[in-house]
Amino acid sequence: MANYRAQSPTIQVKSRDAASRMTIVLCFIAVTVEGFDMQSGGVAAPGMAAHYDLESGALGLVLAGTPIGLLFGTILGGRSADLVGRKTGLMWSLGLFGVFSLASAFAPSFELLLLFRFLTGLGLGGAMPNLIALAAEASGRKSKVNFVVMAMIGLPFGGMIAATIGLLVANIESGWRAIFVIGGVAPLIVAGIVFFALRESQEFEMASVQGPKPSVHEVLFSGGRGRTTILLGLAFFCTLLVIYLLQNWLPTLMVSNGFSRQESGKIQICLNGGSVLGAIVIAYTINRISRKGVIAATFAGAASSLLVLSGMGNSIIQAALLTGIVGAFIAGSQLLLYAMAPTFYDTLMRGTGVGATTAMGRLGAAVGPLAVIPILGGGGGTSTVLLAILPVIAVAGTAAFLLTSRPQLM
């Protein structure tokens, strides 16, 4: 018995470590599925436009439908994470965007396609705050930021898979449907795995018995958090505006710049491949270098690479390389914000706080695809669109830099 008691603390630590690793692995898988579905609309855009005979304005509405759903889903998903638990909120969200991604593949009309893409976004939005909270609460204080970044690497990785599949089915008449079918089946499978294999956050379970849940207003604006919430929301808004603009319109912009559809697909893969590499670098450096220095370098790199990309020629190698560099910096800026967000809100308010601030990002994601329409309608081309992004990057970088001086709780 004495030996058992001596070993039991070690066994408990190993059990917690194993549970933490399982949580991160499952979060990474779920985020990868989410990253795939987030980019599926942009990858399938050329095929959808041809099938439904859509002009740029109508296509922009379809591409914006998912981000608009994401906006409302993120708010609801964040609040549900604090009210019913992270695991339950994640399962329902995965099921929702899985079902309606499948429905998007077989929508009989433009109107129903628009509705299905909105409902897909609703589920996608609900998943993210739950995933961030689960990843942040899976380990000790010093590892929280790293765990969030490690899980969020799945976003660009899933996007890269979507772009690769899009390239493989580009010459198939109904190949765009396959993208939505895969994006529908995968989250339904993951939802089942989550049900059986993922445990609820222990940190959340312990905090839930300590007192009532704070109101939304208390979460966002009490205790000096008002300025933090505004800065975080502004940074998310600007960053996701740029990311969704590029993810949804880059293939179309590259085609208009003289590249073939297959070449534009390869460039899209490079955007996501660079994003994966950028995410890995951020995960490695986030706790090794001054956070202010990492933020300054990341956002400055994003602006510089976009400036260079705007002057590119018709070389596929040059375009692919530059796009990969842009992806690395843009993804890095997004992951920095995802990693920072849960550190500003305590356990009982983490889902609500992360959900509300990332919802501002979802608003930017909805604006991004639509913002391109007047530029293209006014005769602007790829360079004009990319240069128009630079002031948005500057605002995002300034807000993120100011956040480093705000008080953190973890």
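Here goes a summary of the coordinates provided. Worth saying up front: this structure is predicted, and the values here are computed from it rather than measured.

Analysis parameters
- Residues numbered from 1 in each chain as written.
- Predicted model: local features only at pLDDT ≥ 70, side-chain atom pairs only at ≥ 80, totals over all residues.
- Heavy atoms only, no water.
- Helix = DSSP H or I, 4+ residues; strand = E, 2+ residues; numbered from the N terminus.
- Contact = heavy atoms within 4.5 Å.
- Salt bridge = Lys/Arg side-chain N within 4 Å of Asp/Glu carboxyl O.
- Buried < 20%, exposed > 50% of the residue type's maximum accessible area, 1.4 Å probe, protein only.
- 1 Å grid on protein atoms, 1.4 Å probe; cavity = no way out; pocket = protein on both sides within 12 Å on 5 of 7 lines; lining within 4 Å.
- Points joined across faces, edges and corners; volume = space filled by probe spheres on them.
- Nonpolar A, V, L, I, M, F, W, Y, C, P; charged D, E, K, R; others polar.

Here we look at the environment of A396
Reasoning step 1: Note that A396 resides in helix α15 (residues 382-403).
Reasoning step 2: It is 14 Å that separates the C-alpha atoms of A396 and T228, two residues lying 168 residues apart in sequence.
Reasoning step 3: Once you skip the residues sitting within four places of it in the chain, A396 turns out to touch A235, C238, T239 and F299.

Quick word on the pattern of salt bridges
Reasoning step 1: Considering all chains together, one arrives at four salt bridges under this definition.
Reasoning step 2: In this structure, R86 and D82 form a salt bridge, with 2.8 Å as the shortest nitrogen-oxygen distance.
Reasoning step 3: When the shortest N-O distance is used, the salt bridge between E137 and R86 registers 2.6 Å. With a gap of 51 residues between them, E137 in the loop between α4 (110-136) and α5 (144-152) and R86 in helix α3 (residues 86-105) connect regions that are remote in the sequence.
Reasoning step 4: The exposure class of E137 is buried, given its relative accessible area of 8%.
Reasoning step 5: Taken together, the shared-partner salt bridges connect D82, R86, E137, E203 and R350 into one network.

Some words on empty space enclosed by the protein
Reasoning step 1: Taken as a whole, this structure holds two cavities of 30 Å³ or more when the rule is applied.
Reasoning step 2: One number sums up the size of the largest cavity: a volume of about 170 Å³.
Reasoning step 3: For the largest cavity, the lining is made up of 15 residues, of which Q39, I243, Q247, S275 and Q334 are closest to its centre.
Reasoning step 4: Here the lining of the largest cavity is composed, by residue class, of eight nonpolar, seven polar and no charged.
Reasoning step 5: If you trace the second largest cavity, you find it lined by M38, G41, G42, L63, T66, P67, R117, Y244 and N248.
Reasoning step 6: Looking at the lining of the second largest cavity, the elements that each hand over two or more residues are α1 (2-52), α2 (56-83) and α10 (226-256).
Reasoning step 7: Taken together, the residues of the lining of the second largest cavity break down into four nonpolar, four polar and one charged.

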